[in-house]
Amino acid sequence: AGANSAPQDGTPSVSKEITYGEFHEESVGAPQEHFVNEYNKVRYYDKIDRMKPLLSKGPVQYDDDNGGLHIFEDVCLTNNIDAIRMRPHGTTTPRGLVYFTDEMRDNPKRCVPCSNSDPLEGWDDTHEDEKVVGHKCGMNGLHAMFASSVGDWSDCIMEKDNFHLMAEYKQTQSPTEVTTVHYFLNPTFLLQFDALDTETSLFDMLMTYIPHWDKFFRGGDDFPFDSVISHSLEGCLSHSHHWVCEVLHQIGAFGMAKEIVWEPDDLTLYCYRQLYYNQVGYNRNLDREGHVTRENFGEFREVLFRKFGLPRRRTVKDRKSEAEIERRNGNPVDNSTKIIFLDNKISDQAIWSEMDSLISTARSLEKFQNFKFVTIRNLSDLTVAQQARAFNEADAIIMAHGQHMANAIFAVDGTSFVEVGCKVSSLISNPKFMKLMDGKYRAVEACDEKGGICVDCERISEESNFSMTMEAFEELIDATIATLGSAEG
């Protein structure tokens, strides 16, 4: 219903009554000049001067009740080729948005996007770089560039001063010298996420999209787009086994929409009649009231549990009910408590030194004889389904910190999570996230003068390797077990 709402004052409207023609070639100019080919709702312009001028519209919020999903009309997308090389961590998230208007014709820096130095909340928010480039900067993950036409944009970014400013801002775009254009007529969803960090993707992409997916998937609303484009990872919906792509595939994230084949080159610009943008980081901190709720997040996880065939039911109530049925049928019920560990030894992340020795000693202690301690050697060697099962079977998860903690969504309600490292920066630590799944979270970091449950570090940083004394490890196991309460059956 929100898709038909009126735009804010001063914001161009987005048409919802576009009629797609049935023709397969379009005559441009005099009949003897040339033809533009059209195939599968895509127009192919082999010369940019053959393309009719576009006039961009939007963004307009799709749903009045849930923010984060926006609609643009007649815009083009580019790739930030500097982002993957950013320090300290690269990212595959940022895109450039070419927005067509005649209002910026006299601005020599109209085509230069703002820098990546500060977050961009909303389209109308202000940014320090506006004083330099003379235009709005866009929003998180989608940096605005303005032009009167594709040719104007291509010429503008190749001007020496603009080219150097874009490099300074770490905003070098691809394509550069545009010679051809693919113009997609079908409504298209822009799938953006950081393919280099699954935890970031969970919070920056999925936590924006879950309420919209819930309405489309469960609420009876049709998916409003027919195509999906992603430059974050090639073939995400068709053949990739990346964690995010597997999750999206299993939940049927985009209905019957087809993925647009990614054909990267430095000469072709992709443009869209109607583009749906799921705003990166819109609900990263879960501070949007009523956006991600226990209900829609619970449904999201229920679908994942079913699709991945996870052995343990999500809620305590369902697990107790299932255990009771097993008892009535005379089947054994495993009441043991299982704790899984990971030391990051086979990874490029901070390593928990001598963790195996600590676990071996703990297993020999009388008080831990009824507990199962399981060590995972290398999560990257496991399929997403295997990772999901490992987290699902655990009552507590104690691991060297890292992006693998995104697998928390596969854990049952009431699970305890412990991240260990010299300096732990974690998105799952958010109390609002833990509340969604009745989880408990603890971070164990570098020792200070107080001592207690802590780690010894080579230096204080997220990347530093660390170790732990047996005394601290035993205290940590005791404290973690205490958070679990009585066995559920």
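Up top is the structure.
What counts and what doesn't
- Residues numbered from 1 in each chain as written.
- Predicted model: local features only at pLDDT ≥ 70, side-chain atom pairs only at ≥ 80, totals over all residues.
- Heavy atoms only, no water.
- Buried < 20%, exposed > 50% of the residue type's maximum accessible area, 1.4 Å probe, protein only.
- Helix = DSSP H or I, 4+ residues; strand = E, 2+ residues; numbered from the N terminus.
- Pairing = 2+ DSSP bridges.
- Right-handed = clockwise from strand over helix to strand, strands pointing away.
- Disulfide = S-S within 2.5 Å.
- Phe/Tyr/Trp six-rings, centres within 6.5 Å; stacked < 30°, edge-to-face > 60°.
- Core = buried A, V, L, I, M, F, W, Y, C linked by side-chain atoms within 4.5 Å.
- Contact = heavy atoms within 4.5 Å.
- Axes fitted to C-alpha atoms, helices over the stretch in contact; angles between N-to-C directions.

K.L.:
Requested: an account of the pairing of strand β15 (residues 337-342), with residues and values cited.
P.N.:
β15 sits mainly inside the fold: six of its six residues count as buried. Here six bridges tie β15 to strand β16 (residues 371-376), and the two strands are oriented parallel to one another. What sits directly across from F341, in β16, is T375. Read as a crossover between parallel neighbours, the route from β15 over helix α8 (residues 355-363) to β16 is right-handed.

K.L.:
Residues and numbers for the state of the cysteines, please.
P.N.:
Summed over all chains, the structure comprises six disulfides. Sulfur-sulfur distance for the disulfide between C76 and C271 comes to 1.9 Å. Torsion about the S-S bond of the C76 and C271 cystine: about 95°, corresponding to right-handed handedness. Taken as a pair, C76 in strand β5 (residues 69-80) and C271 in strand β14 (residues 268-278) lie far apart in primary sequence, 195 residues in all. Disulfide pairing places C236 opposite C245 at an S-S distance of 2.1 Å. Looking down the S-S bond of the C236 and C245 bridge, the torsion is -115°, so its handedness is left-handed.

K.L.:
Before we move on, could you go through the packing of aromatic side chains and cite the residues and values that matter?
P.N.:
A complete count under the given rule lists 29 aromatic pairs for this structure. With a centroid separation of 5.9 Å and 65° between ring planes, the pair formed by Y62 and Y276 is classed as edge-to-face. Remark: Y276 occurs in strand β14 and Y62 occurs in the loop between β4 (57-61) and β5; sequence separation between them is 214 residues. A centroid spacing of 6.1 Å and a plane angle of 85° characterise the contact between F216 and F225, whose relative ring orientation is edge-to-face.

K.L.:
For the nonpolar core, give the residues involved together with the corresponding values.
P.N.:
Judged by nonpolar contacts, the single largest core of 63 residues is most densely connected at F254, F300, F410 and F433. Contributions of two or more residues to this core are made by β5, α4 (198-217), α5 (243-250), α6 (294-307), β15, α9 (384-392), β17 (396-400) and α10 (431-436). Residues within four places of F300 in sequence aside, it is in contact with L206, I210, W213, V247, I251 and I409. Counting 28 residues, the second-largest nonpolar core is a separate cluster that includes V98, L120, C156 and M166.

K.L.:
Any chance you could break down α5 for me, citing the residues and the numbers?
P.N.:
The buried fraction of α5 amounts to seven of the eight residues, a majority that puts the element mostly inside the structure. G252 occupies a position one or two residues after α5 and carries a positive phi of about 60°.

K.L.:
Please give an account of the sheet that holds β16 that cites residues and values.
P.N.:
The strand order across the open sheet built from five strands is β16-β15-β17-β18-β19, with neighbouring strands paired in parallel fashion. With one partner strand each, in any of the chains shown, β16 and β19 (440-444) form the two edges of the open sheet. In this sheet, neighbouring strand axes are inclined to one another by 15° on average, regardless of whether the strands run parallel or antiparallel. Pairing analysis gives five bridges linking strand β18 (residues 416-420) to β19, with the strands arranged parallel. By the bridge assignment, V418 is partnered in β19 with R442.

Note that every value here comes from positions in space, so none of it alone points to a role or purpose.
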